[in-house]
There are 2 protein chains.
Amino acid sequence: MSQESESEYTEGDLRNTGMSLKHDRTWDYELDRIVEAVEERDATTVGLQFPEGLKRRAPRVVDDLRDLLPDEVNVMTSGKPCYGACDLDTYMMRRTDVFVHFGHSPMKESEKILYVPLFSNVDVLPIMEESLEELADPDDDENVGLVTTAQHMNKFDEMRTWLEERGYTVETRRGDERLTHEGQVLGCNYASADVDADQILYVGGGKFHPLGLAMEHPEKKVVIADPVNNVVTIADTEQFMKQRYASVHKAMDAEEWGVIFCTKIGQGRWETAEEIVAENDNAYLITMDEVTPDRLTNFGFDAYVNTGCPRITTDDGPQFKQPMLTPGEYKIAIGEEPLDSLEFDTFHGTW
Amino acid sequence: MSQESESEYTEGDLRNTGMSLKHDRTWDYELDRIVEAVEERDATTVGLQFPEGLKRRAPRVVDDLRDLLPDEVNVMTSGKPCYGACDLDTYMMRRTDVFVHFGHSPMKESEKILYVPLFSNVDVLPIMEESLEELADPDDDENVGLVTTAQHMNKFDEMRTWLEERGYTVETRRGDERLTHEGQVLGCNYASADVDADQILYVGGGKFHPLGLAMEHPEKKVVIADPVNNVVTIADTEQFMKQRYASVHKAMDAEEWGVIFCTKIGQGRWETAEEIVAENDNAYLITMDEVTPDRLTNFGFDAYVNTGCPRITTDDGPQFKQPMLTPGEYKIAIGEEPLDSLEFDTFHGTW
């Protein structure tokens, strides 16, 4: 399969440049499991939650379910933003008989939630073949860490075997309880890459995950094999880190701080937020679900600490008018920790 | 008092043009009531919710409460948008011992909620004096309806007496159970103006409320006496109505409809949403709290029906990429009702 796909590539083939159109991907929405749950529970309401990138598919999934389900069953879709398994629509979950969360693996199993992971069917081996150019030869360094996202988890054994056949010792682990699978990473958790290897191969779409990985593990080389955009790159955190230091420096002048406690089910760090407010008379607790620039503008604080999703802070940070820091960065800005203690903010545990 | 303020005005006085700075307004946050509730309930958490325009005051209110309350009491502020008494932060309400909603009058009394209305202290009589130029002389038409917002409710009797002293018969009523006070209007409810008068005097800040009023009661002349911006105008709905007709026309070509059910406590019209979806195979139910262009973009429907806040539809409508209609407008767009049945969408009942 890998050989066949490989042989299709020709000089100038856009699929090699990262400029190509994305692979067509079809998904298995596991409608049979949903229909079964409706029958078992005698359900009259079904709630569907899709990640942002898949919301466009919602109408067709609803069509299919309407065909399969009795007329009296109401199928509805969540219109709230959704960025992970940490981000369940709990309103919908409480008010529907069957609640389906698409596109993420379970952060925590619950009878209330039907998780449908939506595994990608993209072939990962051609791009892994290309990634060999960036990995050390197994004769020089045989250890390689292997990580991927929930979307490609169905190919994880295939990836591992393929690397082993080429002489590598593949180091993997299941990071912690926040993660469902061995080798799985989340935007906020790279404990699965905490393995005995100086090089980590990330197989998956986009740079969002490997950039976090490289920030969390700055001592490791992170090779990105992206089978969706057909491109191999090395994660480069320089621009990210510059932005973080700039935000911390700017926040050093802040007099009043807004301290954000995120109310999303898997994004709450209450003790962290409470501790900051307890120790700083100029810190004020704000509770919210979506953390957006618009919502904070009216408060007029000089700087913010976000105890919710770290990626809002690091990736969306520049969009906020005032500096937005992680809890660790906050400690640096108020002089409690040295500047060189700056590190990537990760999230552990479930809820 | 009115005479005194009046006499200060001189030709070119910016306060007469609507271009002046807003009046300074101070508010009574009724901190004593909050402290009392904390003591009575032995509370350890206090949640504060402010409307958008008052969020900036939150840090100083928190400061004052921290001074008045024991150290172990946590005071937190809601960072979710808030546009009315229909829009309670129910997450915060459920998770704090004392929950304070500032700036709106009760849509429904509840032991869980401490409403602090924040009455304006602005003098309303000078601008009422000016509004006489737009009202019919009492000898020609003595009936005048009188309405205001929660903010100026504390001056309602004063307004009524002042008009009566000038020979008017003041027609007022409490619209329905959604409203707390006689003469009160909400952005979504003008039942208080359903009185035996061809002219309605609205005393209050801004054009938001009187525009809705004029759309709901197109047969009445709506005179706006705005004591905040010191300006008297007549509500003109022409531009609004043109936009509504344009949206309806555009939506007539829609094949697939997104039907929004709003999950905000006071903005849900489940039967309306459910009925639309039950009767149209090309209609799909979406549940969400904040209804924003960004959140709908990913779904890709041709048009939307919003069963939540009517003012999102009429006032923010042009910001959405696809036509966004009220339930009544939807019926026109699908050919179920004639074009001339178009009327303003109002909201009744509580929750």
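I will try to describe carefully the structure that is included in this document.

Thresholds applied
Residues numbered from 1 in each chain as written. Chains lettered and ligands numbered in written order. Predicted model: local features only at pLDDT ≥ 70, side-chain atom pairs only at ≥ 80, totals over all residues. Heavy atoms only, no water. Helix = DSSP H or I, 4+ residues; strand = E, 2+ residues; numbered from the N terminus. Rg over C-alpha atoms; globule rule 2.2 N^0.38 Å. Buried < 20%, exposed > 50% of the residue type's maximum accessible area, 1.4 Å probe, protein only. Contact = heavy atoms within 4.5 Å. Areas by Shrake-Rupley, 256 points an atom, 1.4 Å probe, with all protein chains shown as cover. Lys, Arg positive; Asp, Glu negative; His and termini not counted. Charge placed at Lys NZ, Arg CZ, Asp CG, Glu CD. Pairing = 2+ DSSP bridges. Right-handed = clockwise from strand over helix to strand, strands pointing away. Patch = residues over 30% accessible without salt bridge, like charges linked within 9 Å, V, L, I, M, F, W, Y side chains within 5 Å. Salt bridge = Lys/Arg side-chain N within 4 Å of Asp/Glu carboxyl O. 1 Å grid on protein atoms, 1.4 Å probe; cavity = no way out; pocket = protein on both sides within 12 Å on 5 of 7 lines; lining within 4 Å. Points joined across faces, edges and corners; volume = space filled by probe spheres on them.

Moving on to the overall build of chain A. Tallying secondary structure elements over chain A gives 12 helices and 13 strands in all. Whereas a compact globule of 351 residues would reach a radius of gyration of roughly 20 Å, chain A reaches 22 Å, a difference of no more than 12%. Along the first, second and third principal axes, the C-alpha set of chain A runs to 65 × 65 × 35 Å. A buried classification covers 58% of the 351 residues belonging to chain A. When contacts within chain A are restricted to residue pairs at least 6 apart in sequence, those whose partners lie at least 24 apart make up 66%. Split by element, the accessible area of chain A, about 15300 Å² in all, is 45% carbon and sulfur. In chain A, the 33 positive side-chain charges and the 70 negative ones have mean positions that sit 6 Å from each other.

Turning our attention to the pairing of strand β7 (residues 199-203) of chain A. All names here are of chain A. Along β7, 5 of the 5 residues are buried, which leaves the element largely enclosed by surrounding structure. Taking every second residue as pointing to the same face, both faces of β7 are buried, with Q199, L201 and V203 on one and I200 and Y202 on the other. Where strand β5 (residues 143-148) lies against β7, 4 bridges are found, and the strand directions are parallel. Within the sheet, the bridge partner assigned to G145 lies in β7 and is I200. As a crossover connection, the stretch from β7 through helix α7 (residues 208-216) into strand β8 (residues 221-226) is right-handed.

What follows is about a negative patch on the surface. On the surface, D28(A), D32(A), E36(A), E39(A) and E40(A) cluster together into a patch of negative charge. With respect to the element layout, E40(A) can be found in helix α2 (residues 31-41).

So, on to the pattern of salt bridges. One pass over the structure, following the stated rule, counts 33 salt bridges over all chains. Here K80(A) ties to D289(B) by a salt bridge, and the two come within 3.6 Å at their closest N and O atoms. Linking K80(A) in the loop between β2 (74-78) and α4 (90-95) with D289(B) in the loop between β11 (283-288) and α10 (293-297), this pair reaches from one chain into another. In terms of burial, K80(A) and D289(B) fall into one category: buried. Residues joined in a network through salt bridges with shared partners are K80(A), D289(A), R295(A), K80(B), D289(B) and R295(B).

On to the layout of surface pockets. Here the second largest pocket is characterised by a volume of approximately 710 Å³. Along its surface, the second largest pocket is lined by 33 residues, and K80(A), T90(A), K80(B), Y91(B) and R94(B) are the ones closest to its centre. For the lining of the second largest pocket, the secondary structure elements donating two or more residues are α4 of chain A together with α4 (90-95) of chain B.

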